[in-house]
Structures are given as C-alpha cells and as structure tokens.
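Here is what each chain is made of, one letter per residue.
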Amino acid sequence: MTSTVNQYIPNIPEEFQDICPYDDTCFHERLSHMVKDPGFEHAIRYIMPSVDFDAFVSKILKVKDQAEFQRIIMGNFLEMLVAKTTDGLTSGGCENIDRARSYTYLSNHRDIVLDASFLNLCLIHENIPLAQVAIGNNLLIYDWITDLVKLNRSFIVKRDVKKLQALESARQLSGYIHYTITRRHESVWIAQRQGRAKDSNDLTQESLVKMLALGGSSDARDSLMELNISPLSISYEFDPNDYLKVSEYLLKRRDPDFKKSQHDDLLSMETGLLGQKGRVHFQLGKCINEELAKIEASARPVVVRQACAIIDRTIHRGYEIFPCNYIAYDRIKHTNRFADRYTDDDQSNFDEYIKLQLSKVRIDDISAEEHEFMLNMMYTMYSNPLINKIAALSE
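Since the model is a prediction, treat every value here as computed from it, not as a measurement. (Residues numbered from 1 in each chain as written. Predicted model: local features only at pLDDT ≥ 70, side-chain atom pairs only at ≥ 80, totals over all residues. Heavy atoms only, no water.)

Draft legend 1. Up close: the pairing of strand 5 (residues 187–191). Across the five residues that make up strand 5, a large majority, five, are buried. Neither face of strand 5 is open: one carries S187, W189 and A191, the other V188 and I190, and all of them are buried. As paired elements, strand 2 (residues 104–107) and strand 5 share four bridges and run parallel to each other. Each bridged residue has a counterpart across the sheet, and for L106 the counterpart in strand 5 is I190. Pairing of strand 3 (residues 131–136) with strand 5 involves three bridges; the strand directions are parallel. Residue Q132 lies in a different strand from strand 5, and its bridge partner there is V188. (Buried < 20%, exposed > 50% of the residue type's maximum accessible area, 1.4 Å probe, protein only. Helix = DSSP H or I, 4+ residues; strand = E, 2+ residues; numbered from the N terminus. Pairing = 2+ DSSP bridges.)

This is the structure in structure tokens:
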C-alpha cells in the first residue's frame, strides 16, 4: 500500500505542495489523524512494549506546535533509543556551523531512519537549528508514516517516477531545496546517494549533485554554492542491518534480478531502530564553498565531478574509526598493520558478533563457499570506512 496523504500548506509555492513537509497551520489536524491510525498504535507498542498508549497519545496531543513536537516528543524518543540501542551518541565539528546560516547537510547513508534523526538530536544538543529531512517516497508505505515524517519536517524525494518525468521531479526537488535554504533560511539533510552503500564504500552519486545544481543560479558552481553544502560523516560502530545487507548480496549473487520488497524495507527500518549499534559519531564538516570557489569556470559535468570529490574527501576524513574497523581491515588485507589498535578481547568480541549476525541470515541451503562469501562481505563492510579515510588523509 502506497500512502496517498495530501495536504495544502499555505505560504509554500504551488509547485512544491506535493513534496513539502507539514507546518503549524495543519499540525494539530494531521497529528490528531495520525494517532487514531491502528498502524501507528501497533508501531508504538512494538517499539515501546510497556507504553501506556492512551497516556502517550494524550501527551502528544498537548504539544503546541511542530517545533515542540520535534524537540520534546521526537527528541525524548530518540534519547530513549540512544540509551537502549547505543553505547553513546557523540558529535564533532559544531564549530564549523554558523547558527545564523542555513546548510545542506550532505552525508553518507547508514540507517534508513536514524541518520537524519540522530543528526537532529545532535543539533538539539548543540542548540543549532534543526534540518528538514529528505525521505524517499518508497518508504511511505502507510498513511500514518507519511503523517509522521511530514510532521517531523521531512520533504519527499520521488523514487518511482518514469524516465520521462525524472528530470521534472529532479528540478522540483532541487528547486525546493534551494527555496528552503535561500528563502525560508532553513537547513536540510540529504544522503549522498539513493539508498545505503551496503558495503560502506561511501561515494557521492553524480546524479545527486547534478540534481542539486539544477536549481538557483544557471551556473552549476554558483548554484551549488547557494546551498552551503556541509558534508557530514556518520559512523556506527556496528550496523544492526549488516546481516540483512549480506543476505541481499548473496541473493543478488544467486539471482542478479533479485529485488527487495516493501516488507524488506520495513524490516530494515525496524532492525535499524531497535538493533544494537555500539558507539555512534556524527562529524560535521566545514562548508565546502571555499573549495567550490576554486573550481575554474567549466562545463557542468566537470564541476559536478569535482564537487563530488570534495564532498567524498571531507566525509571520508571525518569518519570515527573503531576497533572493529581496524580488525576487519587486517582480516581483509591479510595483514597486521593495525594490530596495535585493538586487543585480543576486541578480536574475540568482534568474531562473536560476526558469528551472531551471520546466524540471523534466513536463506536456505547456504554452502560453505557462500558462507565464506558473506563473511568476506562483512569484513569488507567494516573495513571500507578505514580504507577510505586512509586514502582521503593522504590527498
């Protein structure tokens, strides 16, 4: 089932109505509608089994506006997730952010829901204005999900458009992001690519930067500079979805035409929310306008390629590296280069973790060779952030 929620938002240009978030003009109406949905109740009880749902709803309905909903209701919920599913959420680079300025936080993509949510929690902690969030419409499976994300100031990225409509949708999305940054003076978050990099080899898609450059100035470099792009490096010590990602790799290896289902997306969202993540770190990079300004006037494809290189280098340099990354690097490279960065206990704990995660794979008749393939994909996934950081620091 695909969501069909639509709501007219005053003071937003007509061309952006179908993708923009809700605002305070319809906040209470959509909030009241959402809490009555049985799917919403089921989700809340699933995530918080001991919740007094009626009391929870009563508390939500007393919220006065969208800002309070984000900072108190969603903020407290995220603090609970941090306490229950991580060994701490930290952030760095806040000195790079001018609180009077609006930014496009462009990041690598680890978790469907929590990348942007944890970013906003970090911004709350640092008293930095929150960001609107880009979310693909493929995840808006039910109406209550659409209500929830739009109440939480998410705007919609159309993933299911036909080829003939793709350019029109890209122009609309770019126009909305430029409008939000330059006219509404609000920040936005968007991932560097469509979907997560399942092997954690984070590279910015040129199509994403091309889209961003469609709005604003007709000059690609100037258009990108209007957006005040601040690369954001997201590091999870452990990825709860790692076993689902290697499962998908194996299924695609068996059948190149394998496609994930809506159920797979829901499972990824649930697993990412509730699974154990270890330590989590968000590193805010410096706005890249100074580097963009050094790009000589050139054809749009050249500007886009150079912008991608700048973004990737900044993201890779900002990774937080954990013992598991060093261990995985030494395993995949068959070396002991980083043996001084981890202990025997670190190795034993990592081995137990990998064994546990691979035991969760639900695929029939896995051969010894396929098991070895999945193990190597796990090591690849956990070593790539370190490999990329080493390369970026050498530039």
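Draft legend 2. Focus on unusual backbone geometry. The backbone of S200 shows a phi angle near 60 degrees, a positive value even though the residue is not glycine. The phi torsion at D365 lies on the positive side, around 55 degrees, for a residue other than glycine. Relative to the assigned elements, D365 resides in the loop between helix 15 (344–359) and helix 16 (368–393).

Draft legend 3. Geometry of the packing of aromatic side chains. One pass over the full model with this rule turns up 16 aromatic pairs. Look at F40 and W144: their rings are 6.0 Å apart centre to centre, the planes differ by 70 degrees, and that puts the pair in the edge-to-face class. Residue F40 is located in helix 2 (residues 38–47), and its partner W144 is located in helix 6 (residues 143–151); the two are separated by 104 residues in the primary sequence. Here F40 matches W144 in class, with each residue buried. On the basis of an interplanar angle of 40 degrees and a centroid distance of 6.3 Å, the ring pair of Y176 and Y179 is categorised as tilted. Taken together, the residues Y176 and Y179, both in helix 7 (residues 163–182) and three residues apart, mark about one turn of the helix. Judged by relative accessible area, which is 0%, Y176 ranks as buried. With relative accessibility at 12%, the residue Y179 sits in the buried group. (Phe/Tyr/Trp six-rings, centres within 6.5 Å; stacked < 30°, edge-to-face > 60°.)

It is worth stressing that arrangement in space is one thing and function is another; only the former is reported here.
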